[in-house]
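Structural characterization, general
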Amino acid sequence: MSFSGFDNEDFAIFSIEGLDHRMKALQERLQPKFAELGEELAADLSAKLGNEMFLHIAKHARRTVNPPDNTWLAIADSKRGYKKHPHFQIGLWDDRVFIWLALIYELDGKQRIASSYLKHFSELKTLPSDYVFSLDHMTKPVIDLPDITEKNLERFRDVKKCEFLLGKNIAKENAILLDGDQFIKEAKKVIHSLLPFYQLAMQSRYS
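Residues numbered from 1 in each chain as written. Predicted model: local features only at pLDDT ≥ 70, side-chain atom pairs only at ≥ 80, totals over all residues. Heavy atoms only, no water.

A word on the overall build of the protein chain. Counting its secondary structure elements, the protein chain contains 6 helices and 7 strands. Going from N to C terminus, the protein chain has its helices and strands arranged as α-α-β-β-β-β-α-α-β-β-α-β-α. Expected size for 207 residues packed as a compact globule is a radius of gyration near 17 Å; at 16 Å, the protein chain falls within 12% of this value. In terms of principal-axis extent, the alpha carbons of the protein chain reach across some 45 × 35 × 35 Å. Buried residues in the protein chain amount to 52% of all 207 residues. For the protein chain, restricting intrachain contacts to residue pairs at least 6 apart in sequence, the fraction spanning at least 24 positions comes to 65%. Accessible surface, the protein chain as shown: approximately 10200 Å² in total, 49% of it carbon and sulfur. (Helix = DSSP H or I, 4+ residues; strand = E, 2+ residues; numbered from the N terminus. Rg over C-alpha atoms; globule rule 2.2 N^0.38 Å. Buried < 20%, exposed > 50% of the residue type's maximum accessible area, 1.4 Å probe, protein only. Contact = heavy atoms within 4.5 Å. Areas by Shrake-Rupley, 256 points an atom, 1.4 Å probe, with all protein chains shown as cover.)

The subject of this paragraph is the pattern of salt bridges. Close approach of charged atoms lets side chains of opposite charge pair. Applying the stated rule across the entire model yields 14 salt bridges. Between Glu-28 and Lys-24 there is a salt bridge, with the nearest N and O atoms lying 2.8 Å from each other. Of this pair, Glu-28 and Lys-24 both sit in helix α2 (residues 19-49), 4 residues apart, which is roughly one turn of the helix. Using a relative accessible area of 46% as the deciding quantity, one classes Lys-24 as partly exposed. Close ionic contact of Glu-186 with Lys-168 constitutes a salt bridge, the shortest N to O distance being 2.7 Å. One end of the pair, Glu-186, is in helix α6 (residues 180-204); the other, Lys-168, is in strand β7 (residues 164-171), and 18 residues separate them in sequence. Using a relative accessible area of 13% as the deciding quantity, one classes Glu-186 as buried. Several salt bridges converge on common partners, so that one network encompasses Asp-7, Glu-9, Asp-10, Arg-29 and Lys-33. (Salt bridge = Lys/Arg side-chain N within 4 Å of Asp/Glu carboxyl O.)

Counting buried positions along strand β3 (residues 87-92) gives 6 out of 6 residues, so the element sits mostly inside the fold. Both faces of β3 are covered, namely the face carrying His-87, Gln-89 and Gly-91 and the face carrying Phe-88, Ile-90 and Leu-92. Pairing between strand β2 (residues 71-76) and β3: 5 bridges, direction antiparallel. Of the residues in β3, the one forming a bridge with Ala-74 is Gln-89. As paired strands, β3 and strand β4 (residues 96-103) are joined by 6 bridges and run antiparallel to one another. Residue pairing in the sheet places His-87 in a bridge with Ala-102 of β4. Linking β3 to β4, which pair antiparallel, is a turn of 3 residues. (Pairing = 2+ DSSP bridges.)

The next subject is the packing of aromatic side chains. Two aromatic rings, taken as a pair, are described by how far apart their centres are and by the angle between their planes. Under the definition given, this model contains 10 aromatic pairs. Between Phe-88 and Tyr-198 the ring centres are 5.2 Å apart and the planes differ by 35°, which places this aromatic pair in the tilted class. With a gap of 110 residues between them, Phe-88 in strand β3 and Tyr-198 in helix α6 connect regions that are remote in the sequence. Like Phe-88, the residue Tyr-198 is buried in the burial classification. Judged by centre distance (6.1 Å) and plane angle (90°), the rings of Tyr-117 and Phe-197 are edge-to-face. Here Tyr-117 is found in helix α3 (residues 110-119), whereas its partner Phe-197 is found in helix α6, with 80 residues between them in sequence. (Phe/Tyr/Trp six-rings, centres within 6.5 Å; stacked < 30°, edge-to-face > 60°.)

Examined against the element boundaries, Lys-33 turns out to sit in helix α2. On the accessibility criterion, Lys-33 (9% relative accessible area) is buried. There is a polar contact of 2.7 Å between the side chain of Lys-33 and the side chain of Asp-10. Not counting residues within four places of it along the chain, the set of residues in contact with Lys-33 comprises Phe-3, Ser-4, Gly-5, Phe-6, Asp-7 and Asp-10. (Polar contact = N/O pair within 3.5 Å; in protein donor to acceptor, adjacent residues only side chain to side chain.)

A word on the pairing of β4. Burial runs high along β4: 8 of the 8 residues are buried. As paired elements, β4 and β7 share 8 bridges and run antiparallel to each other. In the strand pairing of β7, Leu-101 is matched with Leu-166.

Below you can see the structure in the form of structure tokens.
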């Protein structure tokens, strides 16, 4: 079975009431798609980077009452987990798909990574103008990348819970989401463009 893309039924999962019912839909409908997509992207990244990358699919295991408003797959260099590592995320809200280079609050070496990004701020600004960034992976609002300022990265550096996610959001109405092959091509294109910043994060987190 190959990845078939994302359709309206996938986005409608987030309107299902109740934790158990929504989780059942996520497990039966989205997580198999994440497995197909993630295996393809993890293999591509492993070849690009010259070291094995591992797929993780969000389980939302800590939730006991409120159903998740978004969900994702993650690809990282660690088999044990991804949250402490720079990683790539692809996932869904009810109105979009996101493709992120994700540096979340549990990240090791967060201040060093933020400082290295500040040193390479001008290079960040050269990424495509339709890219966006976020300072919190659990909220919907994003900021257009052309509007990024050094203060955003300073906040990421200095505020413990602040995160930095960089990439592209694709509205659920975009036809590319319905074509699995085309979406994979787009996801690879975005991820490849973010690889220099992934590698910069990996190099600077312990140095």
